[in-house]
Amino acid sequence: MENENKLEKIVSWAKRRGFIWPSSEIYGGIGGFYDFGPYGVELKNNIKNLWWKTFVQDREDVVGLESSVIMSNKVWQASGHEKGFIDQLVECKKCHQRFKVDDLTDEKCQQGGKHEFTSPKSFNAMFKTHIGVVEDQSTKTYLRPETAQGMFVDFKQILETSRLKLPFGIAQIGKSFRNEINTKDFLFRVREFEIAEIEYFVKSGQDEKYFDQWLADWQKFILNLGIKKENLKLFEHPKKSLAHYSKRTVDINYNFPFGWKELAGVANRTDFDLSSHEKASGRDLKYFDQDSKEKYWPYVIEPTLGIERLALAVICEAFEETKSRTTTSQAASENEIVLHFTNLLAPVKVAVFPLVNKEKLPQVAQEIYQALKPCWNIFYDETGSIGRRYRRQDEIGTPYCVTVDFQTLKDKTVTLRDRDSMKQGRIKITDIKGDIAQKLGC
Ligand code: ATP
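Residues numbered from 1 in each chain as written. Predicted model: local features only at pLDDT ≥ 70, side-chain atom pairs only at ≥ 80, totals over all residues. Heavy atoms only, no water.

### Concerning the nonpolar core
Generally speaking, nonpolar side chains in soluble globular proteins are found buried as a group.
Okay, so step 1: Ranked by internal contacts, the top residues of the largest apolar core, which has 60 residues, are W13, W51, W218 and F341.
Okay, so step 2: Per-element tally for this core: the top contributor is helix α9 (residues 307-318), with nine residues.
Okay, so step 3: A domain split of this core shows at least three residues from each of domain 1 (3-77 + 141-315) and domain 2 (325-440).
Okay, so step 4: Those residues in contact with W13, other than ones at most four positions away along the chain, are F19, I315, F319, I337, L339, F341 and E395.
Okay, so step 5: Counting residues in each nonpolar core, the second largest holds 20 residues, with V350, I368, Y380 and V414 among its members. (Core = buried A, V, L, I, M, F, W, Y, C linked by side-chain atoms within 4.5 Å. Buried < 20%, exposed > 50% of the residue type's maximum accessible area, 1.4 Å probe, protein only. Helix = DSSP H or I, 4+ residues; strand = E, 2+ residues; numbered from the N terminus. Domains from an automatic or database assignment. Contact = heavy atoms within 4.5 Å.)

### A word on the packing of helix α2 (residues 38-57) against helix α7 (residues 207-223)
Okay, so step 1: Relative orientation of the contacting elements α2 and α7 amounts to 145°, with a least axis distance of 12 Å. α2 and α7 meet at a crossing whose hand is right-handed. Residues I47, L50, W51, T54 and F55 of α2 lie in contact with α7, whose contacting residues are W214, D217, W218 and F221.
Okay, so step 2: Within the contact of α2 with α7, the residues separate by chemical class into seven nonpolar, one polar and one charged. (Axes fitted to C-alpha atoms, helices over the stretch in contact; angles between N-to-C directions. Left-handed = near helix turned anticlockwise from the far one by under 90°. Nonpolar A, V, L, I, M, F, W, Y, C, P; charged D, E, K, R; others polar.)

### Notes on the UniProt feature "binding site: substrate" (unreviewed entry) in the protein chain
Okay, so step 1: Mapped onto this numbering, the UniProt entry gives "binding site: substrate" (unreviewed entry) at K100, E146, E302, P303, T304, L305 and G306. These annotated residues cover 207 residues of sequence, and their C-alpha atoms reach 25.1 Å apart at the extremes, leaving them scattered rather than at a single site.
Okay, so step 2: Among the structural elements, P303 can be located in strand β16 (residues 299-306).
Okay, so step 3: Among the secondary structure elements, T304 is positioned in strand β16.
Okay, so step 4: Residue classification places T304 among the buried residues on the basis of a relative accessible area of 18%.
Okay, so step 5: In contact with T304, not counting residues within four places along its chain, are I195, A196, E197, W218, A264 and G265.
Okay, so step 6: A distance of 2.9 Å separates a polar atom in the side chain of T304 from a polar atom in the side chain of E197. (UniProt positions renumbered as here; feature names shortened; annotations may be inferred. Polar contact = N/O pair within 3.5 Å; in protein donor to acceptor, adjacent residues only side chain to side chain.)

### Considerations on the pattern of salt bridges
Okay, so step 1: Under the criterion given, the structure shown has 33 salt bridges.
Okay, so step 2: The closest approach of N and O atoms between K15 and E25, which form a salt bridge, is 3.3 Å. Taken as a pair, K15 in helix α1 (residues 3-16) and E25 in the loop between β1 (20-22) and β2 (34-36) lie far apart in primary sequence, ten residues in all.
Okay, so step 3: The residue E278 makes a salt bridge to K286 at a minimum N-O spacing of 2.7 Å.
Okay, so step 4: Since its relative accessible area comes to 22%, K286 is described here as partly exposed. (Salt bridge = Lys/Arg side-chain N within 4 Å of Asp/Glu carboxyl O.)

### Comments concerning the site of the ligand
Okay, so step 1: Lining the immediate environment of the ligand, one finds 16 residues, of which E180, R189, V190, E262 and L263 sit closest.
Okay, so step 2: Here an oxygen atom of the ligand sits 3.5 Å away from a polar atom, N or O, in the side chain of K100.
Okay, so step 3: Between the ligand and the protein, one listed contact pairs an oxygen atom with a side-chain N or O atom of R309 at 3.0 Å.
Okay, so step 4: For the ligand, whose free accessible area comes to 600 Å², the fraction covered by protein is 81%.
Okay, so step 5: Breaking the shell around the ligand down by element, the ones donating at least two residues are β10 (192-202), β13 (259-270) and β16.
Okay, so step 6: The residue makeup of the shell around the ligand, split by class, is eight nonpolar, two polar and six charged. (Near = heavy atom within 4 Å. Areas by Shrake-Rupley, 256 points an atom, 1.4 Å probe, with all protein chains shown as cover.)

### Topic: the sheet that holds strand β5 (residues 98-100)
Okay, so step 1: Judged by pairing direction, the sheet is antiparallel, and its three strands sit side by side in the order β5-β4-β6 without closing on themselves. Of all strands in the sheet, those bounded by a partner on one side alone are β5 and β6 (121-124). Neighbour to neighbour, the strand axes of the sheet diverge by 45° on average, direction disregarded.
Okay, so step 2: By the bridge criterion, four bridges tie strand β4 (residues 86-91) to β6 in an arrangement that is antiparallel. By the bridge assignment for β6, L89 is matched with K121. (Pairing = 2+ DSSP bridges.)

### Some words on the packing of aromatic side chains
Okay, so step 1: Tallying each qualifying case throughout the model produces 26 aromatic pairs.
Okay, so step 2: Ring geometry for F155 against F168: centres 6.1 Å apart, planes inclined by 5°, an arrangement best described as stacked. Pair noted here: F155 is in helix α6 (residues 155-162) and F168 is in strand β9 (residues 168-177), with a separation of 13 residues, a long-range link. Note on accessibility: F155 and F168 belong to one class, buried.
Okay, so step 3: For the ring pair Y200 and Y210, a centre distance of 5.6 Å and an interplane angle of 50° mean the geometry is tilted. With a gap of ten residues between them, Y200 in strand β10 and Y210 in helix α7 connect regions that are remote in the sequence.
Okay, so step 4: Judged by relative accessible area, Y200 falls into the buried class, the value being 2%.
Okay, so step 5: The lysine or arginine in question, R417, covers the ring of Y390, its NZ or CZ lying 4.4 Å from the ring centre. (Phe/Tyr/Trp six-rings, centres within 6.5 Å; stacked < 30°, edge-to-face > 60°. Lys NZ or Arg CZ within 6 Å of the ring centre and 35° of its normal.)

### Quick notes on the environment of K439
Okay, so step 1: Position of K439 relative to the elements: it lies in helix α14 (residues 432-440).
Okay, so step 2: Separated by 40 residues in the primary sequence, K439 and P399 place their C-alpha atoms 9.6 Å from one another.
Okay, so step 3: What K439 contacts, discounting residues up to four positions off in sequence, is N343, Y400 and L416.

Right, here's the structure in full:
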């Protein structure tokens, strides 16, 4: 499949199948904001839940946090964002399109020929807002552009209430907002998105070792979502492109249909944030080391990733358009779309169908559906040809379908169909739950 074409196909599939579409669409949409529909929100939640389980619940050295989206403006002054969260913007004098300098490509001007750019202007990418009714300097603040600052300003509170010892991490998944100059490539560059990140506090001197460990753990997690190794590549930031707080940053780039782009990253933020907040707030944000009896600001390793970019990578990886896989003559002429999501990420785990809407078939299928529903997200459908029903489930990536047919009434067995191999086998009704649990690994 042509790569450029692939993104277009994904955008149209995502809307048609109830995954993702532009926000406020009935009013023409607004650039860089998307809504996640019934299947999209399931997919996103599955990614977030797996992340939380892997990095918070399964580990003893990481705790969770949910800090507020709007924080005191003093946070953004101390962190350097008010002065430094700057993009360089240029405008084409002919077509008046605006671009981020970092993103410039040699694309043609809509008015013909090359763009003619103005000299770059600085633009703060944080969304401004005011707290309360009076709109002046004293009430001004911003929607957070990252979740990290919550972990730094709550560092002492967490340390005092959790009895953690270095090294330890604070994890958060949360909405972040960036007033991007140009939004493009579907979910890749949006203005409202969720970041999942960890601030991992270590003693300085051990930072480089933990950086390498987190880079490995981060890649392992991404691969575990069904992303192929050959589609990931590391990019080491040269010193001159490092953010103001960073000693080292490595991006994990993904081979998107529109090129290799940043999916996630790991940064060594040193003691920049804790020391800045201590200086600005006057509060002691140092760690007391019981063993060495020293007080110091720990260094911070920050693995970070955007949930929307990850969801897009997962979709790109799972999306397949093939010549008809089914044998029904009606469907044979059409291309089919199959989403090969991993079992853990699939929005619907099992679909249950009566072969036809006759005799006791729907009743038995309903009983199976009701028995499985408390355990997983299950779908029931009794309308349309069975081939079409299988295709609909393939298109949303449902790994298993259970079909109740006339033989079920004789021997209490059903057909279990596998999405990827399309193999169908018979299984006893009483064995379905255990078999599915084993297949899903839960
Ligand atoms: P970029 O260089 O692409 O603008 P960044 O280096 O500014 O990204 P970070 O500040 O490291 O990004 O943000 C953490 C993560 O948040 C990124 O790895 C990415 O997955 C995600 N992210 C950042 N900006 C956006 C955006 N506008 N839309 C969607 N996801 C984003």
